There are 4 protein chains.
Amino acid sequence: MDESHSEIRVRYVETDQMGIAHHSSYLAWLEIARTDFLRMRGMPYRTLEENGIRMPVLEVRLRYRAPARYDDSLTVAARLERSTPVRFSFAYTVSRTEDGKVLCEGSTEHAATDLNGRARRIPREICSVIGGSRAES
Amino acid sequence: MDESHSEIRVRYVETDQMGIAHHSSYLAWLEIARTDFLRMRGMPYRTLEENGIRMPVLEVRLRYRAPARYDDSLTVAARLERSTPVRFSFAYTVSRTEDGKVLCEGSTEHAATDLNGRARRIPREICSVIGGSRAES
Amino acid sequence: MDESHSEIRVRYVETDQMGIAHHSSYLAWLEIARTDFLRMRGMPYRTLEENGIRMPVLEVRLRYRAPARYDDSLTVAARLERSTPVRFSFAYTVSRTEDGKVLCEGSTEHAATDLNGRARRIPREICSVIGGSRAES
Amino acid sequence: MDESHSEIRVRYVETDQMGIAHHSSYLAWLEIARTDFLRMRGMPYRTLEENGIRMPVLEVRLRYRAPARYDDSLTVAARLERSTPVRFSFAYTVSRTEDGKVLCEGSTEHAATDLNGRARRIPREICSVIGGSRAES
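Residues numbered from 1 in each chain as written. Chains lettered and ligands numbered in written order. Predicted model: local features only at pLDDT ≥ 70, side-chain atom pairs only at ≥ 80, totals over all residues.

Undergrad: I'd like a description of the overall build of chain A, backed by residues and values.
TA: Tallying secondary structure elements over chain A gives three helices and five strands in all. Listing every helix and strand of chain A by position from the N terminus yields β-α-α-β-β-β-β-α. Whereas a compact globule of 137 residues would reach a radius of gyration of roughly 14 Å, chain A reaches 16 Å, a difference of no more than 12%. Taking the principal axes of its C-alpha atoms as reference, chain A extends roughly 45 × 35 × 20 Å. Across the 137 residues that make up chain A, the buried fraction comes to 36%. Restricting the contact set of chain A to residue pairs at least 6 apart, pairs at least 24 apart contribute 67%. (Helix = DSSP H or I, 4+ residues; strand = E, 2+ residues; numbered from the N terminus. Rg over C-alpha atoms; globule rule 2.2 N^0.38 Å. Buried ≥ 20, exposed ≤ 12 C-beta atoms within 10 Å, placed from the backbone. Contact = placed C-beta atoms within 7 Å.)

Undergrad: Residue-level account of the environment of Ser4(D), with values.
TA: Residues and elements named next belong to chain D. Within the element layout of this structure, Ser4 appears in strand E1 (residues 4-9). Judged by C-beta crowding, with 22 C-beta atoms within 10 Å, Ser4 ranks as buried. Beyond its immediate stretch of four places on either side in the chain, Ser4 contacts Ala33, Asp36, Phe37, Met40 and Ala78.

Undergrad: A description of the sheet that holds strand E5 (residues 102-111) of chain D should follow, citing residues and the corresponding values.
TA: Strand order in the open sheet made by the ten strands is E1(A)-E3(A)-E4(A)-E5(A)-E2(A)-E2(D)-E5(D)-E4(D)-E3(D)-E1(D), with antiparallel pairing throughout. Pairing within the sheet leaves two strands with one partner each, and these edge strands are strand E1 (4-9) of chain A together with E1 of chain D. Strand-to-strand twist across the sheet, computed as the mean angle between neighbouring axes with direction ignored, equals 20°. (Pairing = 2+ DSSP bridges. Axes fitted to C-alpha atoms, helices over the stretch in contact; angles between N-to-C directions.)

Undergrad: Can you lay out helix H1 (residues 25-40) of chain D for me, pointing to particular residues and giving the numbers?
TA: Residue and element names in this part refer to chain D. When the terminal C-alpha atoms of H1 are compared, their 23 Å separation across 16 residues agrees well with the 22 Å that a helix rising 1.5 Å per residue should span. Turning to H1, its buried residues are Ser25, Tyr26, Leu27, Trp29, Leu30, Glu31, Ala33, Arg34, Thr35, Phe37 and Leu38. Gly42 lies just past H1 and shows a positive phi near 90°. (Expected span 1.5 Å × (residues − 1).)

Undergrad: Give me the lowdown on the sheet that holds strand E3 (residues 73-83) of chain C, citing residues and values where you can.
TA: Pairing is antiparallel across the open sheet formed by ten strands, whose spatial order is E1(B)-E3(B)-E4(B)-E5(B)-E2(B)-E2(C)-E5(C)-E4(C)-E3(C)-E1(C). A strand with exactly one partner marks an edge of an open sheet, and here the two such strands are strand E1 (3-9) of chain B together with strand E1 (4-9) of chain C. Direction aside, neighbouring strands of the sheet carry axes that sit 20° apart on average. Strands E1, strand E2 (57-64), E3, strand E4 (87-96) and strand E5 (102-111) of chain C of the sheet are contacted by helix H1 (residues 25-40) of chain C, whose axis makes an angle of about 65° with E3(C).

Undergrad: So what about the relation of the copies chain B and chain D? Which residues, and what values?
TA: Two copies of the chain are present, and they differ by a rotation about an axis and a shift along that axis. After a rotation of 180° and a shift along the axis of 0.0 Å, chain B superposes on chain D with an RMSD of 0.0 Å. In the structure described here, the two chain copies are related by an operation that fits a two-fold rotation axis. Ranked by how close their C-alpha atoms come to the rotation axis, the residues of chain B are headed by Ile8(B), at 5.3 Å. An overlap of 100% is found between the interface residues of chain B and their copies at the interface of chain D, pointing to a shared contact surface. (Least-squares fit on C-alpha atoms with pLDDT ≥ 70 in both.)

Undergrad: Residue-level account of the interface of chain B and chain D, with values.
TA: Contacts between the two partners involve eleven residues from chain B and, on the opposite side, eleven residues from chain D. Broken down by element, the residue count for the side of chain B that touches chain D peaks at four residues, all from helix H1 (residues 25-40) of chain B. Here the residues of the side of chain B that touches chain D are counted per class, giving six nonpolar, one polar and four charged. (Nonpolar A, V, L, I, M, F, W, Y, C, P; charged D, E, K, R; others polar.)

Undergrad: Account for the interface of chain A and chain D, naming residues and giving values.
TA: Contacts between chain A and chain D engage 17 residues on the former and 17 residues on the latter. Secondary-structure elements contributing two or more residues to the side of chain A that touches chain D are helix H1 (25-40) and strand E2 (57-64) of chain A. Considering every element that reaches the side of chain A that touches chain D, the biggest residue donor is E2(A), with eight residues. A class-by-class count of the residues in the side of chain A that touches chain D yields ten nonpolar, three polar and four charged. Inspection of the sheet shows E2(A) paired to strand E2 (residues 57-64) of chain D by five bridges, in the antiparallel sense. Note that in E2(D) the partner of Val60(A) across the bridge is Leu62(D).

Undergrad: For the relation of the copies chain A and chain D, give the residues involved together with the corresponding values.
TA: For these two chains of identical sequence, chain A goes onto chain D by a turn of 180° and a shift of 0.0 Å along the axis, with RMSD 0.0 Å. Both copies contact each other with a shared surface, as 100% of the interface residues of chain A are interface residues in chain D too.

Undergrad: So what about the confidence of the model for chain A? Which residues, and what values?
TA: Averaged over every residue, the pLDDT of chain A is 94; residues scoring 70 or more account for 96%. Interface scoring of the predicted complex returns ipTM 0.93; its pTM is 0.95. (pLDDT = per-residue confidence, 0-100.)

Undergrad: Before we move on, can you summarise the pairing of E5(D) with the specific residues and values?
TA: Residue and element names in this part refer to chain D. Pairing of E2 with E5, which is carried by seven bridges, proceeds in the antiparallel orientation. Within E5, the position partnered with Glu59 by the bridge is Glu109. As judged from the nine bridges shared by strand E4 (residues 87-96) and E5, these two strands associate in the antiparallel manner. Of the residues in E5, the one forming a bridge with Thr93 is Glu105. From the end of E4 to the start of E5, which pair antiparallel, there are five residues, and Gly100 there has a positive phi angle of about 75°.

Printed below as a string of structure tokens:
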């Protein structure tokens, strides 16, 4: 429960004329991984938005180690690094499913806002679900 | 005033591993052309949305004649084909600016809806501005 | 074996400010469905390219019936409609997995080309695999 | 000549259901800015590729300060930060053209490779053009 794993298959549209997945595709993949992480914790992002909470991205770091190619199956591992009522950060590892080779490492930092983009605190209950500290009794 | 012309430069991210612009990129370009057409008529799409009107796409047809390549400068011509208070259609020609070669022809059909996606009629005044029938006195 | 079915989950990046999946996203989904269809027939698109064959899109038609939303699970059915050594067409139905509601119907037509984009004939053997006419003895 | 400036208009397809430009769009914009920087220096990226040189992205950092919205006109400033025969880095500032408000700051680091993705040295002549150190005599 500390790390989610998402399976991604590289789409043709995600390749560029270098013959590899374009570096911007990884941001979409990290987003899927983040979504899956929250779902795993029992708090789908969709539910967050229904509760008037959004988590816009404040910061992104990506370090590309090796290219991903069309039709490659990738595994994106996501972990919550830091979580406060107003700020979150996630770390990610994108690897090739077939041989486990690490293709990219990244992190994202997020604010908590209301639906109009204004900073807000996330209710403690939701926060503890995301943080995984709530006992599943 | 019957046709708008938009200049587009093919982005690297829009290419795929065939070494040409991916066929889905054209939909983004037609959307820019539509936006420019409405701006030319004095009714930016942004203003439409501010007036509670949206124009979701009902139908798309695209016929690709020749590939567009990275860094090519393209001209997208847009024309309003049909306009009623509840339905619009546009036709487009994408050509290479350098030599005028036609790369793609397309059309889109749109409904008029409110901000919740429900069908609505467009007020006559706005309709006549878009249709170009209002005298600019 | 006459129809492939691909599962897609709508990505956040695929939504637009209407709050629905942008109409261009469907082209990426149809492409995945096409890829899955060819894989089902035992001729992955990747293998086609390795054999010096590409299938650029000549024509697209899309008819949108209802919006797809963030995190929706979609099923894309793909069928081969016509197949000759120089031309292919596919038909698709995108439906919401949960209730089977049809969201979009579409078709694409493709040329067969070499890796430089020149028209070529597809070898009979490959053609019959794609067409499903080869007995799996 | 030390900084290039690129004008970008936010596309509808680049927005997401938060009603702002998706954070991945910025990578496409930085790429345009990089392309324009190289063009300004007299060494279009297209020419680099024609000379057998590619500059895949090794690292990305983005810090988002304020959202960009549909149809906003943006200015992306790009500067070369570091340039060696095997490694480049660029820094960028994305601001709203209308009022100069800074929306995002970023940097990218690049390797020099051949067309097959293997590390290579960039010829001194090309390097000095990109670096701006060659006298335009």
